[in-house]
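# Descriptive structure summary
What follows is each chain in one-letter form.
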Amino acid sequence: MHDIQPTDRVSLEEHYAISQHAYAEARMLQNHQYKEWLEEIVADDIHFWMPVIERRYRKDKRPAPGPDDMAIYSDDYSEVKQRVDRMYTGTVWMEDPASDIKYLLTNIEAFHTDQADLFKVYTNVAYIRHRQQDERTEHVGSRIDLLRKVGDKFQLVRRKITLDARVTVYKNLYFFG
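### What to know about unusual backbone geometry
A positive phi is found at His-32, a non-glycine position, where the angle reads about 60 degrees. Classification of His-32 as partly exposed rests on a relative accessible area of 27%. Not every positive phi belongs to a glycine, and Asn-107 is a case in point at roughly 55 degrees.

### Things to note about the packing of aromatic side chains
The geometry of an aromatic ring pair is captured by two quantities: the separation of the ring centres and the angle between the planes. One pass over the full model with this rule turns up five aromatic pairs. Ring centres of Phe-48 and Tyr-73 lie 5.5 Å apart, and the angle between their planes is 15 degrees; this geometry places the pair in the stacked category. Of the two residues, Phe-48 is situated in strand 1 (residues 42-51) and Tyr-73 in strand 2 (residues 71-75); the sequence distance between them amounts to 25 residues. Phe-48 gets classed as buried once you look at its relative accessible area, which sits at 1%. Taking relative accessible area as the criterion, Tyr-73 reaches 8% and is therefore assigned buried. The interplanar angle of 85 degrees and the centroid separation of 5.9 Å between the aromatic rings of Phe-111 and Tyr-122 together place this pair among those described as edge-to-face.

### With respect to the pattern of salt bridges
Tallying each qualifying case throughout the model produces ten salt bridges. Notably, a salt bridge pairs Asp-85 with Lys-81, separated by 2.8 Å at the nearest N-O pair. Pair noted here: Asp-85 and Lys-81 are both in helix 3 (residues 77-87), with a separation of four residues, about one helical turn. Among the residues examined, Asp-85 registers a relative accessible area of 32% and is labelled partly exposed. Note on Lys-81: relative accessible area 33%, which makes it partly exposed. Taken together, the shared-partner salt bridges in this structure form one network comprising Glu-25, Arg-143, Asp-145 and Arg-159.

Basis of the calculations
- Residues numbered from 1 in each chain as written.
- Predicted model: local features only at pLDDT ≥ 70, side-chain atom pairs only at ≥ 80, totals over all residues.
- Heavy atoms only, no water.
- Buried < 20%, exposed > 50% of the residue type's maximum accessible area, 1.4 Å probe, protein only.
- Phe/Tyr/Trp six-rings, centres within 6.5 Å; stacked < 30°, edge-to-face > 60°.
- Helix = DSSP H or I, 4+ residues; strand = E, 2+ residues; numbered from the N terminus.
- Salt bridge = Lys/Arg side-chain N within 4 Å of Asp/Glu carboxyl O.

Written out as structure tokens, the structure is:
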């Protein structure tokens, strides 16, 4: 499903609905509502993926990494659920005390696909985390989502997060947005 291509741009009404969905999801994650996020937003057939990307010279024509290549994470529903469940155990040392993470979303572009109920959504993102008294980290990048329309809501079927920094010294990439 990662190779589903966008077709036409969505209408203004559809774009508004998709954008509002993205903002509501960000608010859930900022409020540490991970179980609700999993139950209300995440589809059972999710693939949640953050590939390892290398900077290449323009003459290097190797294909971009695919879902089977090395990744920071490449999770299906059970693995996402396991990460969410861990957040409630008190044993995730990098989240005790809990981080405050802001999910900043911009440049949201949404497209129809060949499947009437699926939308491909491109978003630029910034994750700003504050932890402890003085620990602050930033990650900037983009994400490509595949959303499934179910009734009047959307489910997250695929998420590919690509960070602009190819090397990070931060020990905590534990975020979902």
